[in-house]
Amino acid sequence: MRRSVPVFAAIFLFMASALFAALSRPIASYNLKARLNPDEKKVAGSEVLTWLNDSDLPVSELLFHLYLNAFKNSRTTFMKESRGSSRGFKAGQDNWGFITVERIRIQDGDDLTPSLAFLQPDDGNADDQTVMKVDLPAPLPPGEKIVVEIEFTSKLPKVFARSGFSGDFFMVGQWFPKIGVFQSGAWNCHQYHASSEFFADYGTYHVEITAPEKFVVGATGKRTGETKNADGTKTYIHDQEDVHDFAWTACPDFVEFRETYVLDEPSVKTEMILLVHRSHVKQKDRYAQALRNGLEFYSQSYGPYPYETITLVDPAPGAMGAGGMEYPTLFTAGTSVWMPRGVRFPEMVTIHEFGHGYWYGMVGSNEFEEAWLDEGINTYSEIKAMSKYYGEDRSMIDFAGLKIGSVAYNRMSVIGSGRFDPILKKSWEYISGGSYALNVYAKAGLMLLTLEKWLGEEVMSRLMKTYFEQWKFRHPISQDFIRVAEEVSGKDLGWFFSQVLHSPDRLDYAVSGLKAEEIAAGEGLFDVRTIEPPPKEPDAGSRPEGVLKAYRNEITVARYGEWIFPQEILIVFDDGEKVRESWDGKDRWTRFVYQKTAKVVSAEIDPEHKMVLDANYANNSRVLELKRPAVVKAALGFMAWVQGFLSLISF
Amino acid sequence: MNVVQCAAKGIRESTARPKMVVLLWAFNFMVAGLIFLVFFRAFGGAVGTSALVKEMAQKADMNVVVEFLTAGGGGVVSELLVIGLGLSVLYLFVSVFLYGGILQTLIQKGGGWRFAETFFAGGGRFYGRFFRLEIYSLGLWFAAGLIFVLINSVINFNYRDSADEQTTFVLTIIKILFALFLIFLIKMIMDYARILIAGRDSREVLRSLLEAVRFVLKKPGTTLALYYLLGLVGWASFLIYKVLDSAFAQTSPATIVIGFLLAQVFIASRGWLKVAYQAAQGRIIGLI
Ligand SMILES: [Zn+2]
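Residues numbered from 1 in each chain as written. Chains lettered and ligands numbered in written order. Predicted model: local features only at pLDDT ≥ 70, side-chain atom pairs only at ≥ 80, totals over all residues. Heavy atoms only, no water.

Colleague: For this particular structure, what's the right way to read the environment of Y205 of chain A?
Modeller: Residue and element names in this part refer to chain A. Tracing the backbone through its elements, the reader meets Y205 in strand β13 (residues 203-212). Y205 sits 118 residues away from G323 along the chain, and the two C-alpha atoms are 24 Å apart. If sequence neighbours within four positions are ignored, Y205 has contacts with Y30, L32, F176, K178, H238, D239, Q240, V243, H244, D245 and F246. Within the local environment of Y205, its side chain forms a polar contact with the backbone oxygen of H244, the two atoms lying 3.5 Å apart. (Helix = DSSP H or I, 4+ residues; strand = E, 2+ residues; numbered from the N terminus. Contact = heavy atoms within 4.5 Å. Polar contact = N/O pair within 3.5 Å; in protein donor to acceptor, adjacent residues only side chain to side chain.)

Colleague: What should I look at first to understand the coordination of the zinc ion in this one?
Modeller: Each angle at a metal carrying four tetrahedral donors should ideally be 109.5 degrees, and each at a metal carrying six octahedral donors should ideally be 90 or 180 degrees. Residue and element names in this part refer to chain A. Protein coordination at the zinc ion comes from H352 (NE2), H356 (NE2), E375 (OE) and E375 (OE), with a distance range of 1.9 to 2.7 Å. Around the zinc ion, the four donor atoms sit at angles spanning 53 to 156 degrees, and that spread fits a shape best called irregular. Positions of the donor residues of the zinc ion along the chain correspond to the pattern H-x3-H-x18-E. Of this pair, H352 sits in helix α4 (residues 345-355) while E375 is found in helix α5 (residues 372-390), placing the two residues 23 residues apart along the sequence. The residues H352 and E375 share a single accessibility class, namely buried. (Donors = N, O, S within 2.8 Å, 3.2 Å for Na, K, Ca; no water. Tetrahedral: all angles 85-135°; square planar, octahedral: opposite > 155°, others 65-115°. Buried < 20%, exposed > 50% of the residue type's maximum accessible area, 1.4 Å probe, protein only.)

Colleague: Please clarify how the packing of helix α4 (residues 75-107) of chain B against helix α9 (residues 253-284) of chain B should be interpreted in this entry.
Modeller: Helix-helix packing is described using two parameters, namely the angle between the two axes and the distance between the axes. Residue and element names in this part refer to chain B. Where α4 contacts α9, the two axes come as close as 10 Å, and the packing angle between them is 55 degrees. Relative to α9, the element α4 is oriented oblique. Judged by the twist between their axes, the crossing of α4 over α9 is right-handed. Contacts from S95, Y99, I102, L103 and L106 in α4 reach K274, V275, Q278 and A279 in α9. Each residue belonging to the contact of α4 with α9 can be placed in one class, and the counts come to six nonpolar, two polar and one charged. (Axes fitted to C-alpha atoms, helices over the stretch in contact; angles between N-to-C directions. Parallel < 35°, antiparallel > 145°, perpendicular 65-115°, else oblique. Left-handed = near helix turned anticlockwise from the far one by under 90°. Nonpolar A, V, L, I, M, F, W, Y, C, P; charged D, E, K, R; others polar.)

Colleague: Is there a simple way to explain the interface of chain B and chain A in this structure?
Modeller: For an interface, size is often stated in terms of accessible area lost upon the parts coming together. In this complex, chain B contributes 51 residues to the contact, which on the side of chain A involves 45 residues. With both chains or domains summed, chain B and chain A bury close to 4400 Å², and 72% of this area falls on carbon and sulfur atoms. The tally of links between chain B and chain A comes to zero salt bridges. Viewed at the interface, chain A and chain B are joined by eight residue pairs in polar contact (both at pLDDT 80 or more). Secondary structure elements with two or more residues in the side of chain B that touches chain A: α2 (18-47), α3 (62-70), α4, α6 (165-200) and α9 of chain B. Examining the composition of the side of chain B that touches chain A, we find that 14 residues originate from one element, α2 of chain B, more than from any other. For the side of chain B that touches chain A, a count of residues per class yields 31 nonpolar, 13 polar and seven charged. (Buried area = accessible area lost by both parts, 1.4 Å probe. Salt bridge = Lys/Arg side-chain N within 4 Å of Asp/Glu carboxyl O.)

Colleague: Would you mind showing me how to read the environment of Y594 of chain A here?
Modeller: Residue and element names in this part refer to chain A. Structurally, the position occupied by Y594 is in strand β29 (residues 589-596). As for Y594 and R552, which are separated by 42 residues in sequence, their C-alpha atoms are 5.9 Å apart. If we ignore the near neighbours within four places in the chain, the residues touching Y594 are Y551, R552, N553, I555, I571, F573, V579 and E581. At a separation of 2.2 Å, a polar atom in the side chain of Y594 contacts the side chain of E581.

Colleague: What am I meant to see in a nonpolar patch on the surface here?
Modeller: Residue and element names in this part refer to chain B. Together, I135, L138, W141, I173, I176, L177, L180, F181, I183, F184 and Y228 line one region of the surface with nonpolar side chains, adding up to about 960 Å² of accessible area. Within the residue set of the nonpolar patch, elements represented by two or more residues are α5 (115-158) and α6. Among the elements that take part in the nonpolar patch, α6 stands out by supplying seven residues, more than any other. Relative to the helices and strands, F184 is located in helix α6. (Patch = residues over 30% accessible without salt bridge, like charges linked within 9 Å, V, L, I, M, F, W, Y side chains within 5 Å. Areas by Shrake-Rupley, 256 points an atom, 1.4 Å probe, with all protein chains shown as cover.)

Colleague: Can you help me understand the domain arrangement of chain A in this one?
Modeller: Taken domain by domain, chain A holds domain 1 (25-248) and domain 2 (509-514 + 551-649). Averaged C-alpha coordinates put domain 1 of chain A and domain 2 of chain A at centres separated by 55 Å. (Domains from an automatic or database assignment.)

Structure, rendered in structure tokens:
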């Protein structure tokens, strides 16, 4: 038996290494030091970046994102594009944000600073300095690593878009020179746009943050050290593997809550850290419960949450611009002092931003180029989670008699909107920020919900799990998602995705006509018996007068939108008979005719409401007669309301 | 006579005139009835033959509301809004007439005329004067706006660096309450101005308005107390209505009708309160 011992040892070693190995392949690892100067709203930083050339080509230049330069002046690409949202930005010496790279050099090697230049790969805007390039003295061969040292200073802007300060509150995101992604033989390093987020490679982060002692500090990853300094500051050390970004926050008014979250199936254990601004402390339990719900839902639906911490940041009042933003193992939520329980905005934001830990954090798709892969998939997940925990018909709002569910909430924004853009487009190429949001969030979310109802919940669940499993800690593109969807469902889904991802059109099927005409006993002259499709059972011409009435029932269905989906139609007759018809949905209309002793009562296209994206639910069904009591009730209710209004204004 | 006695007197006077209350209700009903027809047609046309509406009688379905709001690219709803706005303006003109009728009836106690004659004669008689009064009152609205802007900027200046959301929230509430106070103050002054005009059959509209302002400034405690005391009665009737309305499910045709009738009783109570206001305030100023 001794012989077998080495085999066991080998198996054990293999298992152990599998157990403790990093989840991702580290491409870009950072060693950062940051010192916060709260008076000047500045962070003095130093960075040691270890970057692996994971491609099969030599690399002769390095490209970095300098995101904070988006806030440097009024002519940056971000500011030009965001005229709308930058209205909340008040120009002033203190309010601009920027990042200055003082020195960049290869460790124990050449100074690269002289070659520093700014690039504008997306729009050629010379006033935009959000992408920096340095030349390497010699190309870096494939498979080799390079270590670069950078000294930089970040001036934080007055917060209005994700990052910045507001009074004593600091949300420090996109704050250090961040290397782009070298992909398919070229740098993928876009400028910072008004409607776009981020893209980066995975790596290991070791970060030392120094801030005045009175600040409560939170950051990506696990806290591995904390020391008091002689100058009245404190240094916090955070370490995290398998992430592609690092953000931190500091505010003296945070109240910190910690709770260990444990889930049995699948096995999850993580530390929940809630940094709640003191003016919102009463809502701490709402945040905590929403986060527990998020951890449970995503772990069970996609895969166990693998990190040791999750930090929720509640931005200070007046810093809502920093709210609702995701970073690895840390996210910002948002609420206000007065937030009725039935208005589940804090819950929705918490679940959504936590969910980005999966769709963005772990599945690292390119937010610049295919934002639906994180926002759309995450909106779909959020809708499902909200419906599960807060009730399908009231998950968003359940207040003062008004109930709105997540699906209705998202449908509202989609069906009332213009149709300018498809779901799949580069983030800055949409006609407006509104069109970007509408498409990559709500429309993409509902598109996946439609797919779920089409494929069935069980298939969709397997699809999502498989996609997560195959693409976690990698950079999938839309085609990868489609491939997984087709493999798991065993169906050709090209027709589905080519419409919903690439066409800005809409889906709208309707029952456009419903008729039941009594077939009169034959009158006049009949030479031929082929008027209309010849009557079947019972024969109209031969029925005994006055015994049984016969009807010609006509049900017309129509396609009002451009998208084509196969449809089912449920037809109900007054003798209780129900008939199901199917239609490939390709023509503009089609008609079903029945000659029966029964009269058609109602017809409904898509009776199971699988087409969540259908732009008009009301025309999906039709009854033979106007629903008078319901309409009268609505009209009476409205009239009483108007009466009250009139008596109020005339008093 | 103290404030409570005046309020009680006003309520008695109003209660003694059911015909007038019914007439006020009828005007409201007629104007709003137009909106019923418009809404019935629009709603029935947009979603009325959809099976979605099936359960509407049982519960409000958000989907129906959404479909209705977006029907015809929102055209149906904006048409409804335009008509609603038109009706509101029409009703404001009507209510100028109603004030004349109310005051004439209250002043001409025990006259030989029949109620309807008195009411309509009063409405016609004072219409021109009350209408001019509305135009002069624009000056008051302007002044109130100015005061509000002034106070608002003083508050904003003093709390400009406040990052405390609690304070901001409380300040917003205070601002809203202050705006409401100003609105009710002007409405009260207008009541007194109309009473002065009708009570003395005066043709000097502007002078009556100024006198009303002077009267309110001279007796702010009494006038405000009376106004808000009757306001409480209004709130009480609203609460009673809400409690009764939510006490039973309005799902069957019969219960829907009962719910609607209840709403009509509430609207009538608004007319009743309006008369009570005029009678009580007329008593305090010594003209009714
Ligand atoms: Zn998101």
